[in-house]
Amino acid sequence: MIRTILTYPNPELKKKSAPVTIITDSVRELVRDMAESMYAAPGVGLAAPQLGIHQRVIIIDISGKNEPPDLIVAINPTIIHAEGEAYEEEGCLSVLDYAANVKRYARVIVKALDLEGAERTWNAEDLLAIAFQHEIDHLDGILFVDHLSTLKRELFQRKARKAAEERR
Ligand code: NI
């Protein structure tokens, strides 16, 4: 089922998500819905809190094929190693009509559970490394715009307020 993706400044996006304790049918259903919602958007990553579900679940697919074979599902993901520097333009399905360069690590090692509850490790670099950092941030209530300089963030907030007024 395609679910509504919450957008800035919805306060649900600022909340911290809780670890998944057991992988139940409802978690599997959540992942299916997340995948459908992400591919429909379309986007390259999605975190459960973007659907208003505060559980530590993220999905990523940077293949550009928009179908499941290349889907990464990471439950309770943690970055266990990070190095290097990246500075690439990012957008977010929860931040409409805005993109900006964000400083990230260039390479990360991520540990997580897959949908079967097995421990997985990803050695990620470039776009995949950035996607992991962006999606894991969502689990802690952080959006990419929170990484911008004060000046840039204020410009973004002004633009977002104006756009919200225009939609009203
Ligand atoms: Ni995002």
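Reading guide: rules and limits
Residues numbered from 1 in each chain as written. Predicted model: local features only at pLDDT ≥ 70, side-chain atom pairs only at ≥ 80, totals over all residues. Heavy atoms only, no water. Helix = DSSP H or I, 4+ residues; strand = E, 2+ residues; numbered from the N terminus. Rg over C-alpha atoms; globule rule 2.2 N^0.38 Å. Contact = heavy atoms within 4.5 Å. Core = buried A, V, L, I, M, F, W, Y, C linked by side-chain atoms within 4.5 Å. Buried < 20%, exposed > 50% of the residue type's maximum accessible area, 1.4 Å probe, protein only. Lys, Arg positive; Asp, Glu negative; His and termini not counted. Salt bridge = Lys/Arg side-chain N within 4 Å of Asp/Glu carboxyl O. Pairing = 2+ DSSP bridges. Expected span 1.5 Å × (residues − 1). Phe/Tyr/Trp six-rings, centres within 6.5 Å; stacked < 30°, edge-to-face > 60°.

A. Spatial organisation of the overall build of the protein. For the protein, the count of helices and strands is three helices and seven strands. Ordered by position from N to C terminus, the α and β elements of the protein give α-β-β-β-β-β-β-β-α-α. Taking 168 residues into account, the globule formula puts the C-alpha radius of gyration at 15 Å, and the protein, at 16 Å, falls close to it. With the C-alpha coordinates aligned to their principal axes, the bounding extent of the protein is approximately 45 × 40 × 30 Å. Summarising the internal contacts of the protein: among those between residues at least 6 apart in sequence, 63% fall at separations of at least 24.

B. Seen up close, the nonpolar core. Ranked by internal contacts, the top residues of the largest apolar core, which has 17 residues, are V20, M34, L46, V57, I59 and I75. For this core, the elements supplying multiple residues, two or more each, are α1 (25-40), β2 (57-60) and β3 (72-83). Sorting elements by how many residues they give to this core places α1 first, with seven residues. Contacts of L46, omitting those with residues within four sequence positions, involve I5, M34, S37, M38, L51, V57, I58, I59, L93 and E135.

C. Up close: the side chain of E135. If you trace the backbone, E135 turns up in helix α2 (residues 126-139). We note that E135 is buried and unpaired, the nearest opposite charge coming from R104 at a distance of 8.2 Å. Residues contacting E135, with those up to four places away along its chain left out, are G45, L46, A47, Q50, I58, I59 and I60.

D. Examining the environment of V108 more closely. Checked against the element boundaries, V108 lands in strand β6 (residues 107-113). In the structure, V108 is positioned 65 residues away from G43 in sequence and 21 Å away in space, judged by C-alpha atoms. Other than its neighbours up to four places away in sequence, V108 contacts I79, H81, A82, W122, N123, A124, A129, F132 and Q133.

E. Local environment of the pairing of strand β5 (residues 95-104). In this structure, strand β4 (residues 86-92) lies alongside β5, joined through six bridges in antiparallel fashion. In the strand pairing of β5, E89 is matched with N101. The turn linking β4 back onto β5 is made up of two residues.

F. Broad picture of α2. Counted at 1.5 Å a residue, the expected span for α2 with its 14 residues is 20 Å, and the 21 Å between its end C-alpha atoms agrees. For α2, a buried count of twelve out of 14 residues is recorded, marking the element as mostly surrounded by other parts of the structure. Every buried residue of α2 is listed here: L128, A129, I130, A131, F132, Q133, H134, E135, I136, D137, H138 and L139. Positive backbone phi, approximately 75°, marks G141, located one or two places after α2.

G. Structural detail: the packing of aromatic side chains. One pass over the full model with this rule turns up four aromatic pairs. Judged by centre distance (6.3 Å) and plane angle (20°), the rings of Y98 and F144 are stacked. Here Y98, found in strand β5, pairs with F144, found in the loop between α2 and α3 (150-167); they are 46 residues apart in sequence, far enough to count as distant. With relative accessibility at 1%, the residue F144 sits in the buried group. A connected cluster of aromatic rings, assembled from ring pairs, spans Y8, Y98, F144 and F156.

H. Region of interest: the pattern of salt bridges. Applying the stated criterion across every chain yields a total of eleven salt bridges. With its nearest N and O atoms 2.8 Å apart, the salt bridge here joins D33 to R3. Residue D33 is found in helix α1, and its partner R3 is found in the segment before α1; the two are separated by 30 residues along the sequence. Owing to a relative accessible area of 23%, R3 belongs among the partly exposed residues under this scheme. Between R104 and E90 there is a salt bridge, with its nearest N and O atoms 2.8 Å apart. In this pair, R104 is assigned in strand β5 and E90 in strand β4, connecting sequence segments 14 residues apart. The burial state of R104 is the same as that of E90; both residues are buried. In the salt-bridge network here, residues are joined through shared partners; they are K16, R56 and D140.

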